[in-house]
Amino acid sequence: MRAMVLDQPGRPLRLAEIPEPEPGPGQVKLAVRTCGVCRTDLHIYDAELQGAPKLPLVMGHQIVGEVVGAGEGAERFAIGERVGVPWLGWADGTCRYCREGRENLCEHARFTGYDVDGGYAELTVAAEDFCFPIPDLYSDAEAAPLLCAGLIGYRALRLVGEAERVGFYGFGSSAHILCQVAVHEGRRVFAFTRDGDGPGQAFARSLGAEWAGGSSETAPEELDGAIVFAAVGPLMVQALKASARGARVISAGIHMSEIPAFSYDLLWEERTLGSVANLTRADGEELLRIAPEVPVRAAVTTYPLEHAQRALEDARAGRIEGSAVLVVSSR
Ligand SMILES: [Zn+2]
Ligand SMILES: [Zn+2]
């Protein structure tokens, strides 16, 4: 099968012919239709994550695929069914975190497109218990970004609690989906983009943001909570400065540049700085139930599989409005 292979971090992905993966017990084999490109893929590519990925690696953890085979005991999905594969590829179900319903923090978790090969390929295998059925409303391309940008963003939104005025710092793949969910929930969204990014600000307003401006601008009102989507540590401090008493400021990314020192005054009055890590299956089920009700519409820019490198670079440069998606065999 054809795959885009990462041999070493920093080295351009290589189009290669590699052996087809075969499903083990409890796994399904999927013909990949689409695979979303995530900011995390860039962090893997740049070797910015703790630990080390499998190498060589097929990245990609927002996979929409069609079931074409099943391993021993895998009976959840029928052949031909369309399923989504997220970042959490497997959790042990037995560690203290899993037992407490926090499988996103599993000590032995395996992540798709990191510990195991993912969706930048024609075929992949996945643990069936960690796959999601995809709502019919969505095309293969539109469904892909829901699987990480959408559902880890959704987890971040839950972590800001009941905040009515929510600041989004960085308005890319994840924020453009969550903006729609937040507005649907009756929240007021204030979007911060790169300074001078007029089109990005217009995009945010088109999705229901009440206000949009550059990240160095002052919001017109205090924020009751904020999600920092951009991997830029100083934005955590910016968000604290903009926040009201009791606000929670959550980093939604897996990696961030250093957070500069700041005065305790900014944290005082029960403000909280936090992070979101990975997802639970419950997060995924909840978002995929809510998304068609909103209805969330993902803006996607598609690339053929062999242009994965270009998709990564466009995502890095902020050239994409919404989400970048590789189309492998969509119909
Ligand atoms: Zn566990
Ligand atoms: Zn991701």
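Preceding block: the structure.
Residues numbered from 1 in each chain as written. Chains lettered and ligands numbered in written order. Predicted model: local features only at pLDDT ≥ 70, side-chain atom pairs only at ≥ 80, totals over all residues.

J.: What is the right way to read the environment of R39 from this model?
T.: By the secondary structure assignment, R39 is in helix α1 (residues 39-45). A count of 22 C-beta atoms within 10 Å places R39 in the buried class. Taking the C-alpha atoms as reference points, R39 and S173, 134 residues apart in sequence, are found 8.5 Å from one another. Non-local contacts of R39, meaning those with residues more than four positions away in its chain, are made with A231, G253 and A315. (Helix = DSSP H or I, 4+ residues; strand = E, 2+ residues; numbered from the N terminus. Buried ≥ 20, exposed ≤ 12 C-beta atoms within 10 Å, placed from the backbone. Contact = placed C-beta atoms within 7 Å.)

J.: Before we go on, may I ask you to explain unusual backbone geometry in this structure?
T.: With an omega of -15 degrees, the peptide bond between L55 and P56 qualifies as cis. Topologically, P56 is positioned in the loop between α1 and β4 (63-70). Here the amide bond leading from V294 into P295 is cis, since omega sits at -15 degrees, within 30 degrees of zero. Among the structural elements, P295 can be located in the loop between α8 (281-290) and β16 (300-304). Phi at E269 is positive, roughly 70 degrees, even though this residue is not glycine. With respect to the helices, strands and loops of the structure, E269 is situated in the loop between β14 (243-251) and β15 (272-275). Classification of E269 by C-beta neighbours within 10 Å gives exposed; the count is 11.

J.: Explanation requested: the sheet that holds β15 in the structure shown.
T.: By way of backbone hydrogen bonds, the strands of a sheet pair with one another, either parallel or antiparallel. Reading across the sheet, the 6 strands line up as β12-β11-β10-β13-β14-β15 and stay open at both edges, with parallel pairing between neighbours. Looking along the sheet, the strands with just one partner apiece sit at the ends: β12 (211-214) and β15. Strand-to-strand, the axes of this sheet are offset by a mean angle of 20 degrees, without reference to chain direction. In this structure, strand β13 (residues 223-228) lies alongside β14, joined through 5 bridges in parallel fashion. When the bridges of β14 are listed, V228 appears paired with S251. Sheet strands touched by helix α5 (residues 173-184): β10 (165-169) and β11 (188-193). Its angle to β11, the strand with the most contacts, is close to 160 degrees. Against the sheet, helix α7 (residues 234-241) touches β10, β13, β14 and β15, its axis set at about 160 degrees to β14. (Pairing = 2+ DSSP bridges. Axes fitted to C-alpha atoms, helices over the stretch in contact; angles between N-to-C directions.)

Read these as layout, nothing more, since geometry by itself doesn't imply function.
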